[in-house]
Amino acid sequence: MSEVSDVRAEEQGADIAPDGGAAAQPNAGAAAQPVPEPHVRRLNIIGRRNLFFALSLIIIIPGIVSMATRHFALGIDFAGGTEITASFANHPSLAEVQRAVDAENLNGTVIETSGGSYIVRYPPLNAAQVTGVQNDLQSRLGSTNVQQILVVGATIAGETILLSLLAVVAAAVAILALLAWRFHNVPGGWRAGFQFGGSALLALLHDVFILTGVFSILGKVFDLRIGEIDAFFVTAVLTVVGFSVHDTIVVFDRIRENLRVSQRLSFEQIVNLSIMQTAARSIITSFTVVLVLAAIFISGGETLRGLSLALLIGIISGTYSSIFNAAPLLVVWRRLQPLR
Amino acid sequence: MQLVLSWPIRLFVVGVLVFSLFVDGAGYVYRIANHYPLTGNVAGLPPNFGGWQLYFHRGLDLAGGTHIDYQLTNFPAGQNRADVQQRTIAVINKRVNSLGVSEPEIRGAGSSNDRITVDLAGVNAAQAQKTIGAVSKLVYTKWVPDSKVTNGPEAGYKPALTGLTGDDISSATATIDSTGTSWVVNIQFTSAGATKFDNLTRENVNACPGDTTTSLTANCAQRHLAIWLDMTQADIDHWDDASYVAKVASPYDAACLASQTPNTVCGKLLTDPITREEIAGGQAQISGSFTQQSANDLATGINSGSLPVDLVALDVTQVSATLGAESVKLSLAAGLLGLAIVVLFMIIYYRVPGLLASLALLFYAGAVLAVFKVLPVTLTLAGITGFILSVGMAVDANVLIFERFKEEVRAGRTITAAVDAAVRRAWPAIRDSNTSTFITCVILGFIGPSAVKGFAITLGIGVAASLISSIIVTHNLLAIVLTAGGFRRPALLGVDRVRSV
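About the cut-offs
- Residues numbered from 1 in each chain as written.
- Chains lettered and ligands numbered in written order.
- Predicted model: local features only at pLDDT ≥ 70, side-chain atom pairs only at ≥ 80, totals over all residues.
- Helix = DSSP H or I, 4+ residues; strand = E, 2+ residues; numbered from the N terminus.
- Buried ≥ 20, exposed ≤ 12 C-beta atoms within 10 Å, placed from the backbone.
- Contact = placed C-beta atoms within 7 Å.
- Rg over C-alpha atoms; globule rule 2.2 N^0.38 Å.
- Nonpolar A, V, L, I, M, F, W, Y, C, P; charged D, E, K, R; others polar.
- Pairing = 2+ DSSP bridges.
- Axes fitted to C-alpha atoms, helices over the stretch in contact; angles between N-to-C directions.
- Domains from an automatic or database assignment.
- Core = buried A, V, L, I, M, F, W, Y, C linked by C-beta atoms within 7 Å.
- Expected span 1.5 Å × (residues − 1).
- pLDDT = per-residue confidence, 0-100.
- Parallel < 35°, antiparallel > 145°, perpendicular 65-115°, else oblique.
- Left-handed = near helix turned anticlockwise from the far one by under 90°.

Helix and strand counts for chain A come out as 10 helices and 4 strands. Going residue by residue from the N terminus, the α and β elements of chain A occur as α-α-α-β-α-β-β-α-β-α-α-α-α-α. Sorting the 340 residues of chain A into buried and exposed places 47% on the buried side. Residue pairs at least 24 apart in sequence account for 75% of intrachain contacts in chain A once pairs closer than 6 positions are excluded.

Okay, structure coming up:
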């Protein structure tokens, strides 16, 4: 793959001409006819960065408060316990099922699913108890169709939490290292590379906090079952991390390219230009993924609903953060720690 | 760029396409040609290429069945843990075979060889745990005189524990003997077991010496060594109770043993052969009037008795087949719907390039599904989600190229030059973003919780394939189609104007 250095400053000039100031005359020999900028896209994102940071904090801070004070509604993967999903031929009401479960004296709780079946949760039970519970439900509520049984002991639950945290931390560190390495060839070397990597990491943490915060609020403040976090949720967090970094890399890659070809613009102007040049792509990509996720959310059934909701929130947040947070953070960082 | 557009690369793409079509579609061609229904089991499918079968391996959440993670405890002292784990896996395998499970998956896990993961399709958890966890211990007994004993294998004698147990046996196999006519069971002892067995057989022979085939006096009760499952000292203490002995000394009853309570009395006898001679070296052979079936039964019995450790179930998952089928249907529908939406959107927004990208996307989906079959990748619900998401990633690379293509055309490049520049300049972003996702997948694949691993594998494969599909396939299609003059109209390309050459 050859280098990108053959991009002429004049071509970029055509894009930035409406910004005034740094206008460059297109070289008549290179472009046969001067091409007018077809769309006027001149949002000053960098200039209004504090507004966008504030917008993010409005969502993140309640989420952090909720996480700190109310924690999370844990799914069975993390909490441990026994979960039996069953439907009954006689279609008993929630209260009837709850009465039957209460009569077992095993501290069971009942949740009704949207599909007309019931989820009964107990503390971890052994094999004989699980069989006993099934027989008991059958005798109290009539013909029972057991769809799923999950028994998660405390050991495995603890390991799942540990492995999940480890995976998120390891992925974050690996992405920081990759970005620092990929961007250390911009003017400023490794220090600049870490500014790029660090900004991307902050944007990524933004998405992780939004997602976990919203789920903490959904699960604990609103007591919704969809707000429960489990291994699927971890999958969602890591996917969001991947997508968010995708978007951020595209912006940063454009900044890198523009830094190389345009000497006349200030860093802020280059960043703003790069955001404008890549925003369409970020929004279109996210839009297609959002469409796919919406399809899964609507038609994918109970199991995938929580996952697709998490991905929807995370990917919208990821697109927002890569446009309105990552690059502006880079500008802030560059101001605090000038490289030239 | 010249390399990507060269003929060897194009031939490679065509080769991959043909191969994927074959892997994905050959089964359906076979069904249609033979007037079989398009779904369900059909004779001759899945095709078998020398033991290599091409079909989608469904995880338990899709196929229905039981998954159990076992913790191994009470490791026998002084033995290699990895060996003990392997032996336990072999025993579980044998026990599970009796359930008639197709493709049971029993894998070792755990950082210190102290875990075993069991996946059984079509079996419910209670049945699986009963069969696997049945703690049957194999014991050898010798016979000691007791005038109060009136029945059992050796009247006038009661059994005595010898200290030789299933722990001392490394394997038992049914086989045809050296004459090639009759079935025998070969037992291989561990080195400790070999010594104990040598001593026992010497005692046997010394009790009433002679050739057992010719001398009547050589055939005494003390010359027998009986093999039992779960025989305990408590059983032996009951040996003067004739009805008790009649029950215990009947052939071992696996189902009864699996569900025994302190009050049930199950048949526990495996066999009570006579010792012909002292056996040193740890290899014994049990012969008799075995059929292939009875020899296999005895070997399985001996093996299944020797579970060398205790098993504790850490987690159990049971999914019914109907729920699994429902999940397959829903995720398939979601995947197809998602793909259709993406294709529609791409064509409306990007016109001809969008259509080409959709073709590349279909190529990509076909190739990835073929990879899933060939490797094979076990597909779970999370795995299918990973695949659907990788479609989104594959689209992303195309969008990057097309947005750049529009810019280049706007900047006044010719179509051919614009395609080339677009791919070249979009590449660093595509490469870096896919690398970051791929790294995430690798990390998840290694340290993620098990539910997440399936997701990481399919997404990782998808990301790698999307890189190839977007850079090579889309680029080639654009280069080939857009050189034809008819497609250069701005309306077809989704741009405002096109510079003529």
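So, on to the overall build of chain B. A tally of regular secondary structure across chain B gives 14 helices and 15 strands. Compactness check: chain B gives a C-alpha radius of gyration of 33 Å against a globular reference of 23 Å for 501 residues, more than 25% above the reference. For chain B, the C-alpha atoms occupy an extent of roughly 115 × 45 × 45 Å along the three principal directions. Burial status across chain B gives 44% buried among its 501 residues. Taking contacts inside chain B between residues at least 6 apart in sequence as the whole, the part at least 24 apart equals 71%.

Attention now moves to the interface of chain B and chain A. Tallying the contact residues gives 61 residues for chain B and 64 residues for chain A. Looking at the side of chain B that touches chain A, the elements that each hand over two or more residues are α4 (125–133), β14 (310–319), α10 (321–374), α11 (381–410), α12 (415–447) and α13 (450–482) of chain B. No other element matches α12(B), which puts 15 residues into the side of chain B that touches chain A. When its residues are assigned to classes, the side of chain B that touches chain A shows 34 nonpolar, 16 polar and 11 charged. Pairing between strand β4 (residues 144–152) of chain A and β14(B): 5 bridges, direction antiparallel. Bridging from a neighbouring strand, A:Ile149 pairs with B:Gln318 of β14(B).

This brings us to the environment of A:Ala180. All names here are of chain A. In this fold, Ala180 is placed in helix α6 (residues 154–182). Judged by the 20 C-beta atoms lying within 10 Å of it, Ala180 falls in the buried class. Considering only alpha carbons, one finds Ala180 and Gln195, 15 residues apart in sequence, at a separation of 7.7 Å. When sequence neighbours within four positions are dropped, the list of residues in contact with Ala180 reads Trp190, Gly193, Phe194 and Gly197.

This brings us to the pairing of strand β2 (residues 109–112) of chain A. All names here are of chain A. With 4 bridges connecting them, β2 and strand β3 (residues 118–122) associate as antiparallel partners. Each bridged residue has a counterpart across the sheet, and for Glu112 the counterpart in β3 is Tyr118. Hairpin remark: β2 followed by β3, antiparallel, with 5 residues in the connecting loop; positive phi at Gly116, about 85°.

Note on sheets: strands pair through backbone hydrogen bonds, and any given pair is parallel or antiparallel. Residues and elements named next belong to chain B. Pairing is antiparallel in the open sheet, where 3 strands are placed in the order β9-β10-β13. At either end of the open sheet lies a strand with only one pairing partner, and these are β9 (169–176) and β13 (283–290). For this sheet, the mean angle separating the axes of adjacent strands, direction not counted, is 20°. Bridge count between β9 and strand β10 (residues 183–189): 7 bridges; the pairing is antiparallel. Pairing of Thr175 across the sheet is with Val184, part of β10.

Residues and elements named next belong to chain A. Once the domains are mapped, chain A shows domain 1 (49–75 + 156–336) and domain 2 (81–152). The interface is formed by 4 residues belonging to domain 1 together with 5 residues belonging to domain 2. Tallied by class, residues from the side of domain 1 that touches domain 2 come to 2 nonpolar, no polar and 2 charged.

Under the domain assignment used here, chain B contains domain 1 (7–24 + 320–493), domain 2 (65–134) and domain 3 (138–306). Averaged C-alpha coordinates put domain 2 of chain B and domain 3 of chain B at centres separated by 26 Å.

Residues A:Ala200, A:Val237, A:Ala310, B:Leu361, B:Tyr364 and B:Val391 are the most contacted members of the largest nonpolar core, which totals 184 residues. It is α10(B) that contributes the most residues to this core, 18 residues altogether. Ignoring anything within four residues of it in the chain, the contact list for B:Val391 reads A:Val292, B:Gly338, B:Leu339, B:Val342, B:Leu361 and B:Ala365. Judged by nonpolar contacts, the second largest core, of 36 residues, contains B:Trp183, B:Val248, B:Leu269 and B:Ile302.

Moving on: the sheet that holds β2(A). With antiparallel pairing, the 8 strands of this open sheet are ordered in space as β2(A)-β3(A)-β1(A)-β4(A)-β14(B)-β4(B)-β6(B)-β5(B). Edge positions in the open sheet fall to β2 of chain A together with β5 (105–109) of chain B, since each of these has one partner strand only. Sheet twist, expressed as the average angle between the axes of neighbouring strands with direction ignored, equals 20°. Of the strand pairs in this sheet, strand β4 (residues 65–73) of chain B and strand β6 (residues 115–121) of chain B are connected by 7 bridges, and their pairing is antiparallel.

So, about unusual backbone geometry. That bond from B:Leu375 to B:Pro376 is cis: its omega, -15°, falls within 30 degrees of zero. Within the secondary structure layout, B:Pro376 lies in the loop between α10 and β15 (378–379). Within the chain, A:Asn105 stands out as a residue other than glycine whose phi angle is a positive 60°. The exposure class of A:Asn105 is exposed, given the 7 C-beta atoms found within 10 Å.

In a regular helix each residue adds 1.5 Å, so 29 residues correspond to 42 Å; α6(A) covers 42 Å between its end C-alpha atoms and thus fits that length. Restricting attention to buried positions, one finds in α6(A) the residues A:Ile156, A:Ala157, A:Thr160, A:Ser164, A:Ala167, A:Val168, A:Ala171, A:Ala172, A:Ile175, A:Leu179, A:Ala180 and A:Arg182.

A separate point is the environment of B:Ser243. On the secondary structure map, B:Ser243 appears in helix α7 (residues 242–248). Sequence spacing of B:Ser243 and B:Gly193 is 50 residues, and the spatial spacing of their C-alpha atoms is 33 Å.

All names here are of chain A. Averaged over every residue, the pLDDT of chain A is 81; the share at 70 or more is 86%. Here helix α1 (residues 9–16) stands out as the least confident element of chain A, with mean pLDDT 40; helix α2 (residues 49–70) is the most confident, with 92. Scored below 50 in pLDDT, residues 1–40 shows 58 contacts in the model against residues more than four places distant or in partner chains.

Quick look at the packing of α11(B) against α12(B) now. All names here are of chain B. The geometry of α11 relative to α12 is characterised by a closest axis approach of 8 Å and an angle of 150° between their N-to-C directions. With respect to each other, α11 and α12 are oriented roughly antiparallel. Pair α11 / α12 crosses with right-handed handedness. Judged by residue contacts, Met393, Ala397, Leu400, Ile401, Arg404, Phe405, Glu408 and Val409 of α11 engage Ala418, Val419, Ala421, Ala422, Val423, Arg425, Ala426, Ala429, Ile430 and Thr437 from α12. Here the contact of α11 with α12 is composed, by residue class, of 14 nonpolar, 1 polar and 3 charged.

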